[in-house]
Amino acid sequence: MENELFEKTKVSKAYMTLALPVVLGMVVSLIYNMVDTFFIARTGNTALIAGVSLGTPIFTLMIALGDIFGVGGSSVISRLFGKKEYEDGRRISVFCFYAAIAVGIAVSIILLAAKQPILGLLGCDETTWQYAGDYYQWIALGAPFIILQLTPNNLLRTEGFAKASMIGTMLGAVVNIILDPIFIYMGAAGAAIATVIGNICGDIFYVIFMIKKCRYLSVDFRKLKMTGAEVLAVLAIGIPASVTNFMQSIGVTLTNRFLQPYGTDKVAAMGIALKIIMISVLVMVGFAFGGQPLVGYNYGAKNKKRLSETIRFAFLLEVLTGAGMAVVLGAAAPLLVGLFLKEADVIAVAQQILRVQLIGMPFVGIVLASTCIFQAIGNGAGAMILSAGRQGVIFAIVIFCASKLAGFSGVIASQPVSDFLTASVAVMILLQWKKKEFAK
């Protein structure tokens, strides 16, 4: 166990040591995501682009479910390692691994059985139904592999293996990039198949690494012994983390539904804009989640000075990264959008959407930092409030009101407005927690 890193290394250095590999893994994931989008977009088929965009929330839902055991487990394990309770951490890692597999199998069965009504719920029509359905079918079949990968990806960082976590992510991404041009002739189905195979390769790497290299984490089924309280501890953090991604699916679906009256081209433009925005979001997510084990470890060890320094550094890093990415991506909007779209009118709309959405990036940084801090310290209530807010309850209220007041402009401005409101809530909750915690 790298106690030197968690306990003694300068906070900024320790934080970046844990976070940079996560960010690099996120960047590579982003590259394969962009390559995927590039090949689909270059077909010039707006209905195909829109169809894949409509099916994307299903993939996001699986990531959300994986986070239940990945983020929830890593939060509990980090705090246990801070207390030197290594054997308990080992048992919880085994539970999280096999629980992710079981949930993945159940999700696959449910999605395949309910394909038609779910596609309708996603907003598919006669123009996009076939494309969205093809993507949906293969992503549903790959659910166990997609959901599983999120567990060891998060757990490895609790032992300080941030680089191994990155390698697993990068491996899946590289495989996807290689397979995309090979399978693209199959359209949306080909893109989904490449994604699933990439996740399978990542899973294989993680299992081998955990068996051969980990001192405390395990996949040994014989150690699957959990108390009800331990399961609840994992779920208390894992479910709010899952809600974050689940609400992202809801947010994208809501946005698509509110955009549909303005035409398929608007849905396609939003799909491309959101892909580009993910450049910023994934980098910020990497920095936020990368430092989470450091927060959890020092909270468990009751090292309040180091905990406070870590929290301050996390906020500064997230806000500056969000502001910087917003400026860079906003300036590069014409170039970036032009990589994916050919029609001048759709390009213009996508640029407009992109620049409006980027306004909220510094506020997204505040929300991400706060959410990860609450997850790390085991504050399920705080994490749940923020998880259900930005792209969930707050967003739903904002987009409904904004669409009535300002039509299309209101729809595309809804996310940055929601980002600001959620960030305000995050700051209030965090200040209240810090005042109570540090008064002890």
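The structure displayed is predicted, hence computed values, not measured ones.

About the criteria used
Residues numbered from 1 in each chain as written. Predicted model: local features only at pLDDT ≥ 70, side-chain atom pairs only at ≥ 80, totals over all residues. Heavy atoms only, no water. Helix = DSSP H or I, 4+ residues; strand = E, 2+ residues; numbered from the N terminus. Rg over C-alpha atoms; globule rule 2.2 N^0.38 Å. Contact = heavy atoms within 4.5 Å. Areas by Shrake-Rupley, 256 points an atom, 1.4 Å probe, with all protein chains shown as cover. Lys, Arg positive; Asp, Glu negative; His and termini not counted. Charge placed at Lys NZ, Arg CZ, Asp CG, Glu CD. Salt bridge = Lys/Arg side-chain N within 4 Å of Asp/Glu carboxyl O. Buried < 20%, exposed > 50% of the residue type's maximum accessible area, 1.4 Å probe, protein only. Expected span 1.5 Å × (residues − 1).

Caption draft 1: Representation of the overall build of the chain. A tally of regular secondary structure across the chain gives 18 helices and zero strands. Taken over C-alpha atoms, the radius of gyration comes to 21 Å for the chain, in line with the 22 Å a tight globule of 440 residues would show. Pairs at least 24 residues apart make up 84% of the contacts formed inside the chain by residues separated by at least 6 positions. Of the roughly 16800 Å² of accessible surface on the chain, 70% is carried by carbon and sulfur atoms. Mean positive and mean negative side-chain charge positions of the chain (34 and 23 charges, respectively) differ by 9 Å.

Caption draft 2: Inspection of the pattern of salt bridges at higher detail. All told, the structure shown has seven salt bridges when counted by the stated rule. Salt-bridge contacts for Lys84 lead to Glu7; the nearest nitrogen and oxygen are separated by 2.6 Å. One end of the pair, Lys84, is in the loop between α3 (46-82) and α4 (86-113); the other, Glu7, is in helix α1 (residues 3-7), and 77 residues separate them in sequence. Of the residues examined, Lys84 reaches a relative accessible area of 39% and is grouped as partly exposed. Using a relative accessible area of 29% as the deciding quantity, one classes Glu7 as partly exposed. A salt bridge links Asp88 to Arg91; the nearest nitrogen and oxygen atoms lie 2.9 Å apart. One end of the pair is Asp88 and the other is Arg91, both in helix α4 and three residues apart, which spans about a single turn.

Caption draft 3: Up close: helix α16 (residues 361-377). For α16, spanning 17 residues, the distance from its first C-alpha to its last is 25 Å, which sits close to the expected 24 Å at 1.5 Å a residue. Most of α16 sits inside the fold, with 15 of its 17 residues counted as buried. Positive backbone phi, at 85 degrees, marks Gly378, one or two positions downstream of α16.

All we've got here are geometric facts, nothing functional implied.
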